[in-house]
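Coordinate inspection notes
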Amino acid sequence: MLGNEALVRGCLEAGVSYVSQYPGTPTSDIGEYFHQVLIDSPETREFLIHHWAVNEAVATSSCAGAAWTGCRSLNPMKHVGLNVASDALSVIALNGPNPGAMVVSIGSDPGSLGSHQEQNERFYAWMLHLPTFEPHTPQECKDWIKLAFELSEKYDLVMNFRMSTRSAHSRGFVKLEPLVKGKAKGEFIRNIPKFNSLPPHAINNHIRLYERIEKLREAIPSLGVNKIIPGENKIGIITSGMPFGYTMEALNQLNLNDVPVLKLGMIYPLNYEEIVDFIEKLEKVIIIEELEPFLEMKIAEIAHDHKINVEIIGEQYFPKYNEFSTGLVATCLANIFNKPPNEQMKKAIDYFNSYKEIIPSRFPTFCSGCPERATLYAILKATNHLENTIISGDIGCYVMSFFPPQQCSDLVICMSGGISAAIGMSTKTDQKVIAMIGDSTFFHTGMAPLAEAVGYNSNVLLIIFENSWTAMTGHQNDVLRYLLNKGFSIEDICKAIGVSWLRVEDSYKPKKLVKSIEEALETDGFKVIIIKRECGLQAHRWRMDQIRGLEREGKKVQDVSYFIGGCQMCYECARVLSCPAIRRVETDGIEEMQIDQDRCIRCGVCYEICPNGAIRKSIINLFAEEVPFREL
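About the cut-offs
- Numbering of residues starts from 1 in each chain and follows the order in which that chain's sequence is written.
- It should be noted that, the model being predicted, local features are given only for residues of pLDDT at least 70 and side-chain atom pairs only at 80 or more, the latter also being counted only at that level, while totals for whole chains, interfaces and linings use all residues.
- In computing side-chain properties, one takes all heavy atoms of the structure into account and sets aside hydrogens as well as water.
- Secondary structure elements are taken from DSSP: a helix is a run of H or I of four residues or more, a strand is a run of E of two residues or more, and numbering for both begins at the N terminus.
- In this setup the radius of gyration rests on C-alpha atoms only. A globule is expected at 2.2 Å times the number of residues raised to 0.38.
- Only protein chains enter the accessibility calculation, which uses a 1.4 Å probe; a residue whose area is less than 20% of its type maximum is buried, one above 50% is exposed, and one in between is partly exposed.
- When the centres of two rings from Phe, Tyr and Trp lie within 6.5 Å, Trp using its six-membered ring, the rings pair. Their planes under 30 degrees apart give stacked, over 60 give edge-to-face, and anything left gives tilted.
- Charges are assigned to positions over rings by a cutoff of 6 Å between ring centre and Lys NZ or Arg CZ, combined with an angular limit of 35 degrees from the ring normal.
- Distance thresholds for patches are 9 Å for like charges and 5 Å for nonpolar side chains (Val, Leu, Ile, Met, Phe, Trp, Tyr), applied to residues having over 30% relative accessible area and no salt bridge.
- With residues, only the protein chains shown are counted as cover, and all accessible areas are computed by Shrake-Rupley using a 1.4 Å probe.
- The working definition used for a salt bridge is a side-chain nitrogen of Lys or Arg within 4 Å of a carboxyl oxygen of Asp or Glu.
- The pocket and cavity definitions rest on a 1 Å grid over protein atoms only: a 1.4 Å probe that fits but cannot leave marks a cavity, an open set with protein on both sides within 12 Å along at least five of seven lines marks a pocket, and residues lining either have an atom within 4 Å of a point.
- Grid points are joined across faces, edges and corners, and a volume is the space filled by probe spheres set on the points.
- Amino acids are sorted into nonpolar (Ala, Val, Leu, Ile, Met, Phe, Trp, Tyr, Cys and Pro), charged (Asp, Glu, Lys and Arg) and polar (every other residue, Gly among them).
- For the domains described, the bounds stem from an automatic or database domain assignment.
- A pair of strands counts as paired when DSSP detects no fewer than two bridges linking them.
- A fitted line through C-alpha atoms serves as each axis, taken over the contacting stretch for helices, and the angle formed by two N-to-C directions is quoted from 0 to 180°.
- It only takes one pair of heavy atoms within 4.5 Å for two residues to be counted as in contact.
- Crossovers are described as right-handed under a simple rule: with the strands pointing away from the observer, the path leading from the first strand over the helix to the second runs clockwise.
- A residue counts as positive if it is Lys or Arg and as negative if it is Asp or Glu; His and the chain ends are not included.
- By convention, charge coordinates are those of NZ in Lys, CZ in Arg, CG in Asp, or CD in Glu.
- Roughly parallel here means an angle under 35 degrees, roughly antiparallel means over 145, roughly perpendicular means 65 to 115, and every remaining angle is called oblique.
- Left-handed describes a crossing whose near helix is turned anticlockwise from the far helix through less than a right angle; right-handed describes the clockwise counterpart.
- We define a nonpolar core as any set of buried Ala, Val, Leu, Ile, Met, Phe, Trp, Tyr and Cys residues linked to one another through side-chain atoms lying within 4.5 Å.
- Buried surface area refers to the total accessible area, computed with a probe of radius 1.4 Å, that the two partners give up upon joining, counted for both partners together.
- Each polar contact in these results corresponds to two N or O atoms within 3.5 Å; when the atoms are within protein, one needs to be able to donate a hydrogen and the other to accept it, and residues that are neighboring in sequence are counted only if both atoms are side-chain atoms.

1. Concerning the overall build of the protein chain
Counting its regular elements, the protein chain contains 23 helices and 21 strands. For the protein chain, whose C-alpha radius of gyration is 28 Å, the value lies close to the compact-globule estimate of 26 Å for 632 residues. If you line up the protein chain on its principal axes, its C-alpha atoms span 80 × 65 × 60 Å. Buried positions account for 57% of the 632 residues belonging to the protein chain.

Listed below in structure tokens is the structure:
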């Protein structure tokens, strides 16, 4: 199993009956696995509920509500999602999840492999008082998530289960145990002092929280989640999670098999006796952890408080940024132990680096036929390639717009931070300000800044991408889909809030869109353009399914294709639109652009924008049935 699969299995063995989350890498597939369970085993629907929430704050409070009826609830989110959830979670942690249990599963992302930053969310464990497990193997993911629910229920504590991109998506063998049916229904029992954290109850709950944390701290040695790999060396190592694996491989490569290692399964709280027993016999202790020195600070504090004369080594040798690897850890340990790097390791690193010369690097890009790509093209044309224009970006597929060749996004903050930043900018600059937001982000946290922009009539053009999917995280069938399927309208919301200048456009008609953007930028005050066009991937899949269905019925279907002839090599399609289905080729010694028919989804945008008329449209079976993209 992958780590996330094992986590879900552990939840099912623990009798979890409610899960709520907003999709975000590396935790999105946790929800996907729960949905697959509900599809494959319909009987689980009697007790198991999974919700794709509109945002993390809603998900967290929903999970608390379920726990307070006596059920076990899981609340997965990515590391930056914890920022959104923290307001609610700070109170819920005080109250405690009893009579049920609640575990938050945080997906950290050292190296920003799927995120806009690599925030070290471990410090929330201190601030919010969240006892925190950090597993290394899929087996630990499965076993420890069960333990987390047991401890949550026993000590009335919200537990934190810290995954990382690597632990979530690394694979290993897992020993399974019987499934446990969760509670179908619970009961909320009124308890005002516990659930209403207002004076004087807030202070009493704070005192009670510290008491619960201390009881858990005392019990840690009996849990079996921390373990020592013994050794006679006077330099020892304390580590946890994925860095533990890198550490053991690195020690083996350096032939340092006598170094004692304390592997922490629970990184908050720490049991003082365990730490003291390990470090008091040593001259130096190396702390190996990714990102800022979370464990290092606490272990240095423990050593100081217990007057242990030991040197704590960490951030001066190990970087506080990016993801670790065996090679990095081995190199740092070689410096600490004054050992030359292992020849095999040097060869492996050189071999890895040699591929940088062979495999050309490329920027992430939009899919062929992506309506957001076509919108960016229209923005570039309408603003004379962003002359005197600021583009305030946001979180979604369009975050890639800052890469070449578009370079059409000047800033990214957080979900809906783009429109908020644009409001402030518009008051202090005469430059044109365009903000972008997707439909999922709009529902997540976008309506509040929309109301503010309307209230102050900010001189901003807001472009809302309504592609009807939470596309960047994998097209989850989430609350956005339910809302849109019920006829919920972003256009109606904008009107209800008071947007007076409003247009609904189609980015597959780029010339008309260019004119609308030009008109908006010439108009003072707040303007909104909604781009209604389905995600290109999903639109193409739906269209091909329709075509195959008609063909199975023996019906003829129009076959539309686009090709290039007489190309003037102006690069409008390749460098401004920058569609990946168009590439430069050489035919009989003549350079020209060519459309890759396997990648083209027949959106026709290149045909619309070619200034030389070199892109031609071909229709085979003209009088047969036409299957266009579905309209939103």
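There's more to say after this.
2. Quick look at the packing of aromatic side chains
Inspection of every chain in the model, using the stated rule, returns 16 aromatic pairs. Plain terms: the ring middles of tyrosine 351 and tyrosine 355 are 5.3 Å apart, the flat faces sit at 85° to each other, and that makes the pair edge-to-face. Highlighted residues: tyrosine 351 and tyrosine 355, both in helix 14 (residues 343-358), separated by four residues, approximately one helical turn. Taking the relative accessible area as the measure of exposure, tyrosine 351 reaches 55% and is therefore exposed. Through pairs of rings, three or more aromatic residues link up here, namely Trp68, Phe188 and Phe195. Lying across the ring of phenylalanine 629, arginine 543 places its NZ or CZ 5.3 Å from the centre. Arginine 575 extends its terminal NZ or CZ atom over the ring of tyrosine 571, reaching a point 3.7 Å from the ring centre.

3. Re a nonpolar patch on the surface
A surface patch of nonpolar side chains, amounting to about 450 Å² of accessible area, comprises Tyr351, Tyr355, Ile358 and Ile359. With respect to the helices and strands, isoleucine 359 occurs in the loop between helix 14 and helix 15 (371-382).

4. Here's the deal with the layout of surface pockets
Considering only enclosed or pocket space, the largest pocket measures out at about 920 Å³ in volume. Only helix 4 (81-95) and helix 17 (439-455) provide two or more residues apiece to the lining of the largest pocket. Take the lining of the largest pocket: its biggest share by element is four residues, from helix 17. In the lining of the largest pocket, the residues fall into 21 nonpolar, 18 polar and four charged. Summarising the domain contributions, the lining of the largest pocket has at least three residues from each of domain 1 (3-222) and domain 3 (371-538). Approximately 470 Å³ is the volume found for the second largest pocket. Elements supplying a minimum of two residues to the lining of the second largest pocket: strand 18 (559-564), helix 23 (605-609) and strand 21 (615-620).

5. What about empty space enclosed by the protein?
Per the counting criterion, the structure on display carries six cavities of 30 Å³ or more. Of the voids in this model, the largest cavity is the one considered here, and its volume is about 140 Å³. Lining the largest cavity are 17 residues, and of these Gly369, Cys579, Cys603, Val605 and Cys606 sit closest to its centre. Elements that contribute at least two residues to the lining of the largest cavity include exactly helix 15 and helix 23. For the lining of the largest cavity, the class distribution of residues is 13 nonpolar, three polar and one charged. Its volume calculated, the second largest cavity comes out at about 110 Å³. Counting residues per element, the ones that place at least two in the lining of the second largest cavity are strand 6 (159-164) and helix 10 (241-253). A breakdown of the residues in the lining of the second largest cavity according to their chemical character gives six nonpolar, five polar and five charged.

6. Considering the sheet that holds strand 14 (residues 432-438)
Reading across from one edge, 13-14-15-17-16 is the order of the five strands in this open sheet, with parallel pairing throughout. The open sheet has two edge strands, strand 13 (389-392) and strand 16 (501-505), and neither has a second partner. Taking the axes of each pair of neighbouring strands and ignoring which way they run, one obtains an average angle of 20° across the sheet. Judged from the five bridges that link them, strand 16 and strand 17 (residues 527-532) form a sheet pairing that is parallel. From the neighbouring strand, glutamate 505 faces strand 17, where its bridge partner is isoleucine 531. Those strands touched by helix 15 are strand 13, strand 14, strand 15 (461-466) and strand 17, and its axis lies near 160° from that of strand 15.

7. Some remarks on the pairing of strand 15
Along strand 15, six of the six residues are buried, which leaves the element largely enclosed by surrounding structure. Burial along strand 15 is two-sided: Leu461, Ile463 and Phe465 and Leu462, Ile464 and Glu466, pointing in opposite directions, are all buried. Taken together, strand 14, helix 17 and strand 15 form a β-α-β motif whose crossover is right-handed. Strand direction decides the pairing type here: strand 15 and strand 17, joined by six bridges, are parallel. Bridging across to strand 17, isoleucine 464 finds its partner in isoleucine 530.

8. Topic: a negative patch on the surface
On the surface, a cluster of negative charge is contributed by Glu218, Glu273, Asp277 and Glu280. Tracing the chain through its elements places glutamate 218 in helix 9 (residues 201-223).

9. Let's talk about the packing of helix 6 (residues 138-155) against helix 9
Two elements in contact, helix 6 and helix 9, have axes separated by 11 Å at closest approach and are oriented at 140°. Put simply, helix 6 runs oblique to helix 9. In terms of crossing hand, the pair formed by helix 6 and helix 9 is right-handed. For the pair helix 6 and helix 9, contact is made by Leu147, Leu151 and Tyr155 and by Arg212, Lys215, Leu216, Ala219 and Leu223, respectively. Looking at side-chain class alone, the contact of helix 6 with helix 9 contains six nonpolar, no polar and two charged residues.

10. Remarks on the nonpolar core
Residues Ile379, Ile517, Phe526 and Val528 are the most contacted members of the largest nonpolar core, which totals 78 residues. A per-element tally of this core places helix 15 first, with seven residues. In this structure, isoleucine 379 is in contact with Leu386, Ile391, Cys408, Ile434, Met436, Ile463 and Ile517, ignoring residues within four places of it in sequence. Membership of the second largest hydrophobic core comes to 62 residues, among which are Phe47, Leu157, Ile299 and Ile312.

11. Some remarks on the domain arrangement of the protein chain
Entries for the protein chain in the domain assignment read domain 1 (3-222), domain 2 (227-356) and domain 3 (371-538). Between domain 1 and domain 3, the C-alpha centre-to-centre distance is 33 Å. The partner domain 3 presents 16 residues to the 12 residues of domain 1 that form the contact. For the domain 1 and domain 3 pair, buried surface summed over both sides reaches about 1,000 Å², with 61% attributable to carbon and sulfur atoms. Across the contact surface, domain 1 and domain 3 share five residue pairs in polar contact (both at pLDDT 80 or more). Partitioned by chemical class, the residues of the side of domain 1 that touches domain 3 number six nonpolar, four polar and two charged.

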